[in-house]
Amino acid sequence: MSWGYDGPNGPAAWDNFKGAGVTGARQSPINIDSKDGTCGALNINYGTEPVQLENIGWTFKAKCGGGSISGGPLSGTYKLDSFHAHWGTAGSDGSEHHLNGKAFSAEMHIVNYNEKYGDFATAASKPDGLAIVAVFMQEGADNPALASVAAGMGSIASKGASGSGGSVDLTGLLPGNKSCHCYEGSLTTPPLTESVTWIVMDEPISVGKGQLDAFRSMKDGAGNALSKNHRPVVPKGGRQITCC
Ligand SMILES: [Zn+2]
C-alpha cells in the first residue's frame, strides 16, 4: 500500500514511509514568521525552457534544465532540474509552507540540485544536495507562465503518462519582489529526505482557478482525482530561519 494525502496512509502515518537516515529534526513544510533572520542576496538565473511533463502519481513533474541559482544561503551553484506544484481542494488552502500563519491556494516548487554532485539522483540524498525555490500561488488571474503547463494536464491524466508542457518562462513563476526566507529542511513527500535548503519567496504569484482545476484533474495511481496534495506544516523546532 502506498502513501497518500487521505485515509490510513495520510500524512500522520508517513513515518512508515520515511527513508533511511531521516531523523525528523529538519522536516518540511513549516510556518515561517517573516520577522526572522537575514542572509546575503540570492542569484537566480532562470530563462525560458522547453518542459516535459510527467504525472508522477501525486503531482505533475515539469522537467527542464539550463538554469541555476547561487548565493543567499547556498554554497556553490545549484542547477535547475524541474518544477512541480502542491494545491488544495479549494482556493482557501493548498500551500505547504505558511507565512505568518497564513496558507495560500497553492505552492510551486522549483527544484535545483548541487552541481558538485553531478546529477539530481546523487544529490537528492545529501544534506546539501537540493535547493528548492518555493513560490506561494494565490487564486486570481490566470498566470501566463503556466498556460502551456495547465494545457498539458490533459495529456498526463494518468500516473506515469508524459507529454509536452510547451515552453515556460521560469521568471514568470517568480514574484517581482525576490525577498525570501530560507531554512534547512526536507522533501515534503516520502521518503521525506532531509536534503533540502528551502528558499521560500515572501510574495505570492497569481494562478487562475481554471489552472488549479486543470492540476486537480490529474489522477493518482489508484485513479482518483488529485484534488489536494499538500503536507500539513510540521514543527520548526530550534531551526534558524534566514532571509534573502
Ligand atoms: Zn514539492
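See the structure printed just above.
Report follows, based on the coordinates. (Residues numbered from 1 in each chain as written. Predicted model: local features only at pLDDT ≥ 70, side-chain atom pairs only at ≥ 80, totals over all residues. Heavy atoms only, no water.)

### Concerning the nonpolar core
This is how the line gets drawn: We call a set of buried residues a nonpolar core when its members are Ala, Val, Leu, Ile, Met, Phe, Trp, Tyr or Cys and they connect through side-chain atoms within 4.5 Å of each other. Relative accessibility under 20% of the residue-type maximum defines a buried residue, over 50% an exposed one, and the middle range a partly exposed one, all with a 1.4 Å probe and only protein chains included. Strands here mean DSSP runs of E at least two residues long; helices mean DSSP runs of H or I at least four residues long; both are numbered from the N terminus. Throughout, a contact is declared for two residues whenever any of their heavy atoms are within 4.5 Å.
By size, the foremost hydrophobic cluster in this structure holds 43 residues, and its most contacted members are F60, F83, I110 and I199. Counting residues per element, this core draws most heavily on strand β6 (residues 77-87), at five residues. Setting aside chain neighbours within four positions, we find I199 in contact with L42, I69, P73, L74, A131, I132, V133, A134, C180, H181 and C182.

### Digging into helix α3 (residues 209-216)
Taken together, the buried positions of α3 are occupied by Q211, L212, A214, F215 and R216. In this fold, the buried residues of α3 make contact with β4 (60-63), β6, β8 (106-114), β9 (130-140), α2 (147-151) and β13 (205-208).

### Focus: the side chain of R239
Formally: N or O atoms within 3.5 Å of each other form a polar contact, as long as, within protein, one can give a hydrogen and the other can take it, and as long as residues adjacent in sequence are counted only when both atoms are side-chain atoms.
Counting through the fold element by element, R239 comes out in the loop between α3 and β14 (242-243). A polar side-chain atom of R239 sits 2.8 Å from the main-chain carbonyl oxygen of Q27. In this structure R239 touches A25, R26, Q27, I30, Y183, E184 and G185, once residues within four positions along its chain are discounted.

### As for the coordination of the zinc ion
Here is the rule we go by: Distances define the donors: N, O and S atoms within 2.8 Å of the metal qualify, as do those within 3.2 Å of Na, K or Ca. Water is excluded, so some sites may look unfinished.
Protein ligation of the zinc ion involves H84 (NE2), H86 (NE2) and H109 (ND1), the donor distances falling in the range 2.0 to 2.1 Å. Of note, the zinc ion draws all its donor residues from one chain, in the sequence arrangement H-x1-H-x22-H. Within this pair, whereas H86 is found in strand β6, its partner H109 is found in strand β8, the two being separated by 23 residues in sequence. The two residues H86 and H109 agree in class, both being buried.

### Here's the deal with the pairing of β6
Stated formally: A pair of strands counts as paired when DSSP detects no fewer than two bridges linking them.
Across the 11 residues that make up β6, a large majority, nine, are buried. Across three bridges, the pairing between strand β5 (residues 68-71) and β6 is antiparallel. Bridged to I69 within β6 is Y78. Strand direction decides the pairing type here: β6 and β8, joined by nine bridges, are antiparallel. Pairing of W87 across the sheet is with A106, part of β8.

Any link to function would need more than the numbers given here.
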